[in-house]
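Below are the chains, spelled out letter by letter.
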Amino acid sequence: MGQKINPLGFRLGTTQRHDSLWFAQPINYSENLQEDKKIRDYIKNYIKKNIRISSGVEGIAGIKIKKRIDLIQVIISMGFPKLLIEGKPGRIEELQMNLQKKLNCVNRKLNIAITRIANPYGHPNILAEFIAGQLRNRVSFRKAMKKAIELTEQAGTKGIQVQIAGRIDGKEIARVEWIREGRVPLQTIRAKIDYCSYTVRTIYGVLGIKVWIFVNKE
């Protein structure tokens, strides 16, 4: 059997860049790593709680963190930033203040910026959220996967592979189902591939969703 490797880690330094940019001494490294996880988890939970979305897509494509001695800069890439900006005014300021209190960073300033993605459904995180929302609403998994592929084709990608594993449709025996459209060259390091693994809790158990999207060849 082929040895499976995370496509993003495999391409670090060629087509892929780090999501966190900071330098730390070996003693403080683990603290910084935990701080990054706290920031990401808090932002995701905040958006989940404060935004009511009918489609079930929160639209977070990625959270990049840059740290300096006196500043933590958080850049949230969203497919649908209107959901966070509109509605209640001052939502970003509120998020910024709450996060600063949670991290207890007295000497450092926290700055949150939001950037919009041009083609939201060309990003695996948003696509996985869409599939998860469909599965929660008891839509057939094949229908959900085909609809997801249609959405990515509109976004202008070169290829996509979607995999769902677990007790699909409530069957007693867990299985893996997958579908591929176009080219997904996982072994070509120059090929820019976006990847996401997502866990969804349904009434009949936990399902795992994996999405690979072939963007372009650099």
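Residues numbered from 1 in each chain as written. Predicted model: local features only at pLDDT ≥ 70, side-chain atom pairs only at ≥ 80, totals over all residues. Heavy atoms only, no water.

Draft legend 1. Here's a closer look at a nonpolar patch on the surface. Judged by side-chain polarity, Ile-5, Phe-10 and Ile-189 come together as a nonpolar surface patch covering roughly 260 Å² of accessible area. Topologically, Ile-189 is positioned in the loop between strand S6 (175-182) and strand S7 (191-202). (Patch = residues over 30% accessible without salt bridge, like charges linked within 9 Å, V, L, I, M, F, W, Y side chains within 5 Å. Areas by Shrake-Rupley, 256 points an atom, 1.4 Å probe, with all protein chains shown as cover. Salt bridge = Lys/Arg side-chain N within 4 Å of Asp/Glu carboxyl O. Helix = DSSP H or I, 4+ residues; strand = E, 2+ residues; numbered from the N terminus.)

Draft legend 2. Just the side chain of Gln-16, in detail. Examined against the element boundaries, Gln-16 turns out to sit in the loop between helix H1 (7-10) and strand S1 (20-21). A relative accessible area of 15% means that Gln-16 is categorised as buried. Once residues within four sequence positions are removed from consideration, Gln-16 is found in contact with Leu-8, Arg-11, Lys-192 and Asp-194. (Buried < 20%, exposed > 50% of the residue type's maximum accessible area, 1.4 Å probe, protein only. Contact = heavy atoms within 4.5 Å.)

Draft legend 3. The packing of aromatic side chains, seen in detail. In the structure shown here, the tally under the stated rule is three aromatic pairs. Centre to centre, the rings of Tyr-121 and Phe-130 are 5.9 Å apart; their planes meet at 75°, and the pair counts as edge-to-face. (Phe/Tyr/Trp six-rings, centres within 6.5 Å; stacked < 30°, edge-to-face > 60°.)

Draft legend 4. View of the domain arrangement of the protein chain. According to the domain assignment, the protein chain contains domain 1 (14-116) and domain 2 (120-214). Contacts between domain 1 and domain 2 engage twelve residues on the former and 13 residues on the latter. Interface of domain 1 and domain 2: buried area, both sides summed, is about 1000 Å²; carbon and sulfur atoms make up 52% of it. Across the domain 1-domain 2 interface, the total number found is one residue pair in polar contact (both at pLDDT 80 or more). (Domains from an automatic or database assignment. Buried area = accessible area lost by both parts, 1.4 Å probe. Polar contact = N/O pair within 3.5 Å; in protein donor to acceptor, adjacent residues only side chain to side chain.)

Draft legend 5. Up close: the confidence of the model for the protein chain. Looking at the protein chain as a whole, the pLDDT averages 87, with 92% of positions reaching at least 70. When pLDDT is averaged over each helix and strand of the protein chain, the minimum, 67, is found for helix H3 (residues 82-85) and the maximum, 95, for strand S5 (residues 159-166). (pLDDT = per-residue confidence, 0-100.)

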